Amino acid sequence: CYHRSIEQSFLVKLCQLVHHLLNQLKVILDESSLGGLMHYTVSALKVCGSWTHTDVLLALSTIVYGNGPHCVQILSNLLSEDGVLLSYSAPCQPDMELQQAALNCMANLCFRVSGQPAVDDQYRSVCFRVFLQTLQSAQPVGANEILYCLVIQSALKGLQYCFLGGKWKFGGEEELGTLLASVKRLMFQGLPAVSVEWPLVLYPALLPQYDAVATPNPLETPKPPEPSKDSTASGKNFCFESINDLYNKHSETSDRLNHGRVRQGALHCLLAVVKAVEKRMLYGYWSSFIPDAPIGGPPPLTLLTIVLKDPSAKVRLSALQVLSGILDGSRQFLALAEDTASPRTSYTSFSFTLAASVRELHRALSLAVLAETSVQTLTQVIKCLAFLVSNAPYHRLRPGLLTKLWKHLHPYVHHRDGTVRVSVLNLYGAMVTTRAPLPEVQLLLQQPEGSGGSGTASFTPQSSTVSWRQREGASSPSHTPVPHSPCSNTLVHDCTSQCVFIHACHVFQVLCHLVRGYFPLIQVCLCEIRQVSAHCLSDADPSVQLHGSKLLEEFGTGTIQQYRAENKVPESSRVPISEVVHFWSDVLKGPLNAALQSEQHHKLQASACDTLSSILPQAFAQLPDKTQLMCITVLLGLTYADDCLVKSAAIRALGIYVLFPCLREDVMLVADTANAILAALENRSTNVRTKAAWSLGNLTDTLIANMESVGVDFQEELSDMLLLKMLQAANKATADKDRVTLNAVRALGNLLHFLRESQMSRSAFERPVEDAVRALVKTIQTDATMKVRWNACYALGNAFRNPALPLGKCAWSRDVFLALCHVVTSCTNFKVRIQSAAALAVPSRRGCYGDVEQMSTVWRSLAKALENSEDTNDFLEYRYSANLRHTLSQALLHLLSVSEFRDLPALAASLGGEEGMAIREHLIKYLQAEENRGGQEEEEGEGEIKIS
């Protein structure tokens, strides 16, 4: 027995050594060593005394950490009904130190290393039940407080590892509710003055499951006793304190620390649940963790209670992380919130309750911002607010929430800590992107500089803007002066004044969001934004240059949107053309050229190409000739770059330039662009081919525009060989992926419309033209996306507009009409039906429709489609039924107008009798509607003449 005792002592030392080597020194085990150590420790649990089992389990937990899938041979023994781990981890285990070691071992078994498989679900389920039973069990009478907290921490960690180990399926709502109830109870473990009847299960409901006992200031940290006035110094009192007093103080501190760790572990576990459970299931428990508007009586105990009242900064941080996880992706749920209408007195609607919850979140988190002393926790509060702002439906809420938040957070833009400044900038970015343009944000942006910090939060001790900048050795704003401009916008000024610091990328993200969503308000800052962008484009950091380029692109896109006719922006509200020309002249003289030639940074080069493509066409026409030539030459050169990102961006930019009125009639530019596109269509990258097909569609749009404006002269100047290559390339592209086919069919329709009769009759074009038509027919008949099929129908209608197309004379004509007739009668998408009907109504001559039988087939198909124009199982399609009937009626009347005497018997048979009654009614309604519309237009015209 003596020798056996010595051997077991050596075993304990060995286990401690293994734990130290693996846990502290991070020694990595190979497969054979792992198997040997596992079998050794499991054997020791069977043959050695129970007094060694704690150390053996400690070593085993370190060995199996992240190696659960490799422990299949021992799991059946350890986790069976009479297994060591199940017996030691049971809530009835009297030795809590042994219970904690067993729970820790089970938790490490469930831990999954990223990229590695998880432990088998059956073993995870066994561990899950043990962990949950441990949380539900009450603290044993007389148990050591520290050991009990360690046991709970191990169980919470085990649950967290179970959820992080892969997809998890709960055994019904009861199991999830039981877990959430236990976790919520432990979220408040050890907090003073919390006396609550905790439920055993939380059910998905809107109302809380319990009422808190009324206690004043429930989570207020007790104040330390005031020092006695008679005492001369606190140090003297300390000297005479007894050993028992010191021990009691140490014990209280230790208890607070351990309870804080339990609360933190519970919140980490809840965060894992939030990530593992589907959002729609989780939101049923919304009211259990997030309150609505405060009412009379004590406030409910929720995550916001911890955020505002917990004494531990780490626990508050964990609560904020859970709250951020709940709010992230909650836009669809929060979209139901609304409180713009006056509340009903008879009952409170769910939308009003949810809106009150959003307001309470704003109130509590704003208080947390002002009260928080920990920089790390303050950063998380602001991040949590950003999640709230990104998902809340402010257009359905009474205004004022964002205004208060804007004023509260304005001083923190100049906080001495960089992470706080970055989080505030991200929050402002969320404000200017949510439902932009939002009227409340528009009012805030129109406030003059200096008004953003008005209110109670106009100054914080953390400001000291000048001092921290000088201490960090950063350039003072006086060294890089903010350009003088009429811009008085507070947010723009705050952003542009800090671009020289480490968070310049975040500043530019906010500026990009501002320009994208609130361009009419930001356009007065044209000079300021241009100079800041130029400053960042000359920065040594490529990421800063990238954001400067993107800001220029956003500004260019904003000006293009203003000048589009369909947006109907008044001339007085637009940026004057002269200012736009001056803007781009300065930009193109500056560091943007260096970005275009930055071969080491492909993303920057691609972004610079996108920036070139955002120049307003009217402004481009007024740029100097050498500047225009520089832009075109650079883009043509970059289409042959090795990097696919740069190549696709350059191809896309050329596809935009070729539409410019000042460039599209240049035959040489059209030819150079076409050759670059044809080369890109052969690229292995799908993204490059997609952009090339889109640009080819734009190029062929230009051909049609030139054909209508310039006429035959342009058609004759363009090379026949180039047209043939474009036709063949577009034919080939229709067999590519849908993203490529989408624009390839558009290009085919334009090319078939553009070709002259002399080209059609040439043998070199005969086969490619037939292939093009058959490619369009095949695209219509395949299971491609509806957008692709719509484009193919449109392309056929476009091709029918060419009188030189031998429609009705070639063998492929019958296939074309049969395909369109099949689509117009059977396609489930009404938009595709409308486009196919429109295509059938394009041919202007009777001979295009072929013989009498084919003409009759087209008529019957259109008539059948008109009769069934309301038959659909998809309610979303029903809204297009009126437009479909209008187009079908128009097509039928067009057939009547081009029909000949030989077609009349078949048409009369279709219109006569009871079967033709519905068709006659639809046609009469269409004619009456057209007549009424014509009368209204005539009256409006007469009114205009009288007024003039």
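Each chain has its residues counted from 1, running along the sequence as written. Where local features are concerned, this predicted model is filtered to residues with pLDDT of at least 70; where side-chain atom pairs are given and counted, the filter is 80 or more; whole-chain, interface and lining totals use all residues. Hydrogen atoms and water are omitted, and side-chain values are computed over all heavy atoms in the structure.

Caption draft 1: Layout of the overall build of the protein. Along the protein, the regular secondary structure elements total 48 helices and 0 strands. Two residues form a contact once any of their heavy atoms are found within 4.5 Å. Long-range pairs, those at least 24 residues apart, make up 74% of the contacts in the protein with a sequence separation of at least 6. Put simply, DSSP H or I for four residues or longer makes a helix, DSSP E for two residues or longer makes a strand, and each gets a number counted from the N terminus.

Caption draft 2: Broad picture of the confidence of the model for the protein. Averaged over every residue, the pLDDT of the protein is 84; residues scoring 70 or more account for 85%. The predictor reports its confidence for every residue as pLDDT, a score running from 0 up to 100. Long-range and interchain partners of residues 940–948, a stretch whose pLDDT sits below 50, account for 0 contacts in this model, where long-range means more than four residues apart.

Caption draft 3: A look at the side chain of Ser 423. Mapped onto the elements, Ser 423 comes out in helix H20 (residues 418–433). Three exposure classes are used, based on accessible area relative to the maximum for each residue type with a 1.4 Å probe and protein chains only: buried under 20%, partly exposed in between, and exposed over 50%. We classify Ser 423 as buried; its relative accessible area is 3%. Identification of polar contacts relies on pairs of N or O atoms within 3.5 Å, with a donor-acceptor requirement for protein atoms, meaning one able to donate a hydrogen and the other able to accept it, and with residues adjacent in sequence counted only if both atoms are side-chain atoms. Within the structure, the side chain of Ser 423 is placed 2.7 Å from the backbone oxygen of Val 420, a separation counted as a polar contact. Other than its neighbours up to four places away in sequence, Ser 423 contacts Thr 379, Ile 382 and Lys 383.

Caption draft 4: Local environment of the packing of helix H30 (residues 602–613) against helix H33 (residues 644–657). Between N-to-C directions, angles cover 0 to 180 degrees, with each direction set by a line fitted to C-alpha atoms, over the stretch in contact for helices. Interaxial distance between H30 and H33 falls to 8 Å at its minimum, and their mutual angle equals 5 degrees. Classed by the angle they form, the pair H30 and H33 counts as roughly parallel. Residues His 602, Lys 603, Gln 605, Ala 606, Cys 609, Asp 610, Leu 612 and Ser 613 of H30 form the contact with H33, whose own contacting residues are Leu 645, Val 646, Ala 649, Ala 650, Arg 652, Ala 653, Ile 656 and Tyr 657. Each residue belonging to the contact of H30 with H33 can be placed in one class, and the counts come to 10 nonpolar, 3 polar and 3 charged. Oblique is the label for every angle not falling under 35 degrees (roughly parallel), over 145 degrees (roughly antiparallel), or within 65 to 115 degrees (roughly perpendicular). Polarity classes work like this: nonpolar for Ala, Val, Leu, Ile, Met, Phe, Trp, Tyr, Cys and Pro, charged for Asp, Glu, Lys and Arg, and polar for all others, with Gly in that last group.

Caption draft 5: Focus on the pattern of salt bridges. A carboxyl oxygen of Asp or Glu within 4 Å of a side-chain nitrogen of Lys or Arg is what we treat as a salt bridge. If you walk through the whole model with that rule in mind, you get 23 salt bridges. The partner of Asp 310 in a salt bridge is Arg 263, and the shortest N-O contact between them spans 2.8 Å. Here Asp 310 is found in the loop between helix H14 (303–309) and helix H15 (313–327), whereas its partner Arg 263 is found in helix H11 (residues 243–276), with 47 residues between them in sequence. When its relative accessible area of 2% is taken as the criterion, Asp 310 is described as buried.

Caption draft 6: Spatial organisation of the packing of aromatic side chains. Only Phe, Tyr and Trp rings take part, Trp by its six-membered ring, and two of them pair if their centres are within 6.5 Å. Stacked means planes under 30 degrees apart, edge-to-face means over 60, and tilted covers everything else. All told, the structure shown has 18 aromatic pairs when counted by the stated rule. Considering the side-chain rings of Trp 790 and Tyr 794, the 5.7 Å spacing of their centres and the 5 degrees angle between planes classify their relative orientation as stacked. Of this pair, Trp 790 and Tyr 794 both sit in helix H41 (residues 786–800), 4 residues apart, roughly one helical turn. Residue classification places Trp 790 among the partly exposed residues on the basis of a relative accessible area of 30%. Seen from their ring centres, Phe 817 and Tyr 849 are 5.5 Å apart, and the 35 degrees between their planes marks the pair as tilted. Of the two residues, Phe 817 sits in helix H42 (residues 812–826) while Tyr 849 sits in the loop between helix H43 (830–840) and helix H44 (852–867), which places them 32 residues apart along the sequence. A relative accessible area of 0% places Tyr 849 in the buried class. Taken together, the ring pairs in this structure connect Tyr 283, Trp 286, Phe 333 and Phe 350 into an aromatic cluster.

Caption draft 7: Here's a closer look at the layout of surface pockets. Size it by volume and the second largest pocket reaches roughly 530 Å³. As for the second largest pocket, its lining consists of 24 residues, and the residues nearest its centre are Thr 62, Ile 63, Tyr 65, Gly 66 and Asn 67. For the lining of the second largest pocket, the secondary structure elements donating two or more residues are helix H1 (2–24), helix H3 (53–64) and helix H6 (96–110). If you tally residues by element for the lining of the second largest pocket, the top one is H3, at 4 residues. Grouping the amino acids of the lining of the second largest pocket by side-chain chemistry returns 11 nonpolar, 10 polar and 3 charged. Space inside and on the surface of the protein is sampled on a 1 Å grid over the protein atoms alone, with a cavity defined as a set of points where a 1.4 Å probe fits but cannot get out and a pocket as an open set with protein on both sides within 12 Å along at least 5 of 7 lines; lining residues have an atom within 4 Å of a point. Grid points are joined across faces, edges and corners, and a volume is the space filled by probe spheres set on the points.

Caption draft 8: Highlighting the environment of Val 769. Relative to the assigned elements, Val 769 resides in helix H40 (residues 763–781). Separated by 21 residues in sequence, Val 769 and Leu 748 place their C-alpha atoms 9.2 Å apart.

Caption draft 9: Fine view of the packing of helix H2 (residues 31–47) against H3. Put simply, H2 and H3 touch, their axes get as near as 10 Å, and they point 155 degrees apart. Between H2 and H3, the crossing angle belongs to the class labelled roughly antiparallel. In terms of crossing hand, the pair formed by H2 and H3 is left-handed. Where H2 abuts H3, its residues Leu 34, Leu 37, Met 38, Thr 41, Ala 44 and Leu 45 lie against His 53, Val 56, Leu 57, Leu 60, Ile 63 and Val 64. Handedness of a helix crossing follows the sense of rotation of the near helix relative to the far helix, less than a right angle counterclockwise being left-handed and clockwise being right-handed.

Caption draft 10: Spatial organisation of helix H34 (residues 667–680). To estimate how far a helix should extend, the number of its residues minus one is multiplied by 1.5 Å. Its 14 residues give H34 an end-to-end C-alpha distance of 20 Å, which sits within 8% of 20 Å, the value for a rise of 1.5 Å per residue. Most of H34 is tucked away, with 10 of its 14 residues classed as buried. Tucked inside the fold, the buried residues of H34 contact helix H32 (625–638), H33, helix H35 (686–709), helix H36 (712–717) and helix H37 (720–733). The residue sitting at the N-terminus of H34 and contributing the capping side-chain oxygen is Asp 666; that oxygen lies 3.1 Å from the backbone nitrogen of Met 668.

Caption draft 11: Seen up close, H37. Helix length check: H37 (14 residues) gives 20 Å between terminal C-alpha atoms against 20 Å at 1.5 Å per residue, within 8%. For H37, the full list of buried residues reads Leu 722, Leu 723, Leu 724, Met 726, Leu 727, Ala 729, Ala 730, Asn 731 and Ala 733. Where the residues of H37 are buried, they touch H34, H35, helix H38 (738–754), helix H39 (757–760) and H40. Backbone nitrogen of Met 721 and a side-chain oxygen of the N-cap are separated by 3.2 Å at the start of H37; the cap is Ser 719.

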